[in-house]
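# Architecture and fold: a report
Residues per chain are reported as follows:
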Amino acid sequence: MKLEIFDPYIIRARLCPSIILLGPIALTIFFCFDELYSFITSTITVCILFALTNYITVLQRRLAPHNQLVYNYAAKYLLPDDTTIDSISKKRYYSKLASLEDTFSSFITPTPSQDLCILCESAVVYLRNITRDNHLVLEENINCGFCKNMLISKPIGIIINCCLATLTIVYSLATYKTFECIPPQNLFSLGINAFFILFWFFGITRKMMEEASKRYALALITAIDSVRIISNSSGDNNQ
């Protein structure tokens, strides 16, 4: 897979969750700390936060295996005893996979000792490699990646916004003494952080992640029909 700086997956599935996670820091500084705000300081702050998005991406990928967020629904849907996909379509997919790769001929005539779970997982890996140019698969993969990274970032996001809200309250009361003297922008900053706290709690859920994973799995499997069979002499299989 050729990844570029403006690759849709990188921007939407990796960069956007990092910006949502770190964005409230820049907003709080902008609204609450007038004495710190200037073109130079704001530019430096934004650059630092933008650079930290690279670390957030690494952190998300590091935490993912421990959370076991993504269930391999595609492999489950390919199992003969799973009823998510109708049996007629599934037979057609088995036949197409067998014609694409001899390894998957066991789908048509499985042996008693054949581990179909491993075979389905292998087929999913194969499909991911040959459907990278499929627009629907790419779109659902991006949505799934975005949901996964947001769910991984949820605990960090809640902590960051709780800390920012507390900082805003303490700073405002210490500086302006009474509630009536607190500037509207400080209250607006507090409202933003309160919104993000609610957003992390109620807007980012495991159910959202599971639904995105299921849609991606179905898009990946149904993309089998669009894969063209090319003779071995012309190279590997493509869409």
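Residues numbered from 1 in each chain as written. Predicted model: local features only at pLDDT ≥ 70, side-chain atom pairs only at ≥ 80, totals over all residues. Heavy atoms only, no water.

## Topic: the overall build of the chain
To keep it simple, the criterion reads: Helix and strand assignments come from DSSP, with helices taken as H or I runs of at least 4 residues and strands as E runs of at least 2, each series counted from the N terminus. Residue exposure ignores everything except the shown protein chains as possible cover, and the areas themselves are Shrake-Rupley values with a 1.4 Å probe.
Within the chain one finds eight helices and zero strands. Counting from the amino terminus, the chain carries its helices and strands in the arrangement α-α-α-α-α-α-α-α. As presented, the chain carries roughly 13,900 Å² of accessible surface, and 65% of it is formed by carbon and sulfur atoms.

## Side note on the environment of Phe104
Applicable threshold: To sort residues, take the accessible area from a 1.4 Å probe on protein chains only and compare it with the maximum for the residue type: under 20% means buried, over 50% means exposed, and anything in between is partly exposed. By definition, residues are in contact when any of their heavy atoms lie within 4.5 Å.
Relative to the helices and strands, Phe104 is located in the loop between helix H4 (87-100) and helix H5 (116-130). Relative accessible area serves as the criterion here: at 2%, Phe104 is assigned to the buried category. Along the primary structure Phe104 and Ala123 are separated by 19 residues, whereas in three dimensions their C-alpha atoms are 7.4 Å apart. Every residue in contact with Phe104, bar those within four places of it in the chain, is listed here: Leu97, Ala98, Leu119, Ser122, Ala123 and Tyr126.

## Structural notes on the packing of aromatic side chains
Applicable threshold: Geometry of aromatic contacts follows a simple scheme: Phe, Tyr and Trp rings, the Trp one being its six-membered ring, pair when their centres are within 6.5 Å, and the pair is stacked under 30 degrees between planes, edge-to-face over 60, tilted otherwise.
Across all of its chains, the model carries twelve aromatic pairs by this definition. Centre to centre, the rings of Tyr71 and Tyr73 are 4.9 Å apart; their planes meet at 70°, and the pair counts as edge-to-face. The partly exposed category is assigned to Tyr71, whose relative accessible area is 48%. Given a relative accessible area of 13%, Tyr73 falls into the buried group. Aromatic pair Phe104 and Phe107: ring centres 6.1 Å apart, planes at 35°, arrangement tilted. For the residue pair Phe104 and Phe107, the accessibility class agrees, reading buried in each case. Taken together, the aromatic side chains of Tyr94, Phe104, Phe107 and Tyr126 make up a single cluster linked through ring pairs.

## Overview of the confidence of the model for the chain
We count it as follows: Per residue, pLDDT captures the predictor's confidence, and it can take any value from 0 to 100.
In the predicted model, the chain carries a mean pLDDT of 85, and 85% of its residues have values of at least 70. The low-confidence segment residues 231-239, where pLDDT is below 50, has 15 contacts with residues more than four positions distant or belonging to other chains.

## With respect to the environment of Glu211
In this structure, Glu211 sits in helix H8 (residues 206-222). Between the C-alpha atoms of Glu211 and Cys147, which are 64 residues apart in sequence, the distance is 9.5 Å.

## Re the packing of helix H6 (residues 135-176) against H8
Convention followed: To get an axis, fit a line to the C-alpha atoms, keeping to the stretch in contact for a helix; angles then go from 0 to 180 degrees between the N-to-C directions. When an angle is under 35 degrees it counts as roughly parallel; over 145 it counts as roughly antiparallel; between 65 and 115 it counts as roughly perpendicular; any other value is oblique. Each crossing gets its hand from how the near helix is turned against the far one by less than a right angle, where anticlockwise is left-handed and clockwise is right-handed. Basically, the charged four are Asp, Glu, Lys and Arg, the nonpolar ten are Ala, Val, Leu, Ile, Met, Phe, Trp, Tyr, Cys and Pro, and anything else, Gly included, counts as polar.
With their axes 8 Å apart at the nearest point, H6 and H8 run at an angle of 160° to one another. Put simply, H6 runs roughly antiparallel to H8. Relative to H8, the crossing made by H6 is left-handed. Residues Leu136, Val137, Glu140, Asn141, Asn143, Cys144, Cys147, Lys148 and Leu151 of H6 form the contact with H8, whose participating residues are Arg206, Met208, Met209, Ala212, Ser213, Arg215, Tyr216, Ala219 and Leu220. Class assignment of the residues belonging to the contact of H6 with H8 gives a composition of eleven nonpolar, three polar and four charged.

## A few points about the nonpolar core
As a rule of thumb, soluble globular proteins bury nonpolar side chains together. Heads up, the condition is: By nonpolar core is meant a set of buried Ala, Val, Leu, Ile, Met, Phe, Trp, Tyr and Cys residues that side-chain atoms within 4.5 Å join together.
One finds Leu78, Leu97, Phe104, Phe107, Trp200, Leu220 and Ile221 to be the most contacted residues of the largest nonpolar core, which totals 47 residues. Elements that contribute at least two residues to this core include exactly helix H1 (8-32), helix H2 (39-67), helix H3 (73-78), H4, H5, H6, helix H7 (184-203) and H8. A per-element tally of this core places H6 first, with eight residues. Once residues within four sequence positions are removed from consideration, Ile221 is found in contact with Ala74, Tyr77, Leu78, Ile85 and Tyr93.

## A short note on H4
What counts, and what does not: Under the convention used throughout, the expected extent of a helix is 1.5 Å for every residue step, that is, one less than its residue count.
Here H4 spans 20 Å end to end across 14 residues, near enough to the 20 Å set by a 1.5 Å rise per residue. Where H4 is concerned, the buried positions are Ser89, Lys90, Tyr93, Tyr94, Lys96, Leu97, Ala98 and Leu100. For H4, the elements touching its buried residues are H3, H5 and H8.

## Let's talk about the environment of Ile130
With respect to the helices and strands, Ile130 occurs in helix H5. Separated by 97 residues in sequence, Ile130 and Val227 place their C-alpha atoms 7.8 Å apart.

## Overview of a nonpolar patch on the surface
We count it as follows: Surface patches are drawn from residues lacking salt bridges whose relative accessible area is over 30%; two like charges belong together within 9 Å, two nonpolar side chains (Val, Leu, Ile, Met, Phe, Trp, Tyr) within 5 Å. The salt bridge criterion pairs a side-chain nitrogen of Lys or Arg with a carboxyl oxygen of Asp or Glu, the two atoms within 4 Å.
Residues Ile40, Ile44, Ile48, Leu52 and Tyr55 make up a contiguous nonpolar surface patch of roughly 500 Å² in combined accessible area. Within the secondary structure layout, Ile40 lies in helix H2.

## Overview of the side chain of Asn186
Structurally, Asn186 is set in helix H7. Its relative accessible area of 1% is what places Asn186 among the buried residues. When near neighbours in sequence (up to four residues on either side) are disregarded, Asn186 contacts Phe31, Cys32, Thr168, Tyr171, Ser172 and Tyr176.

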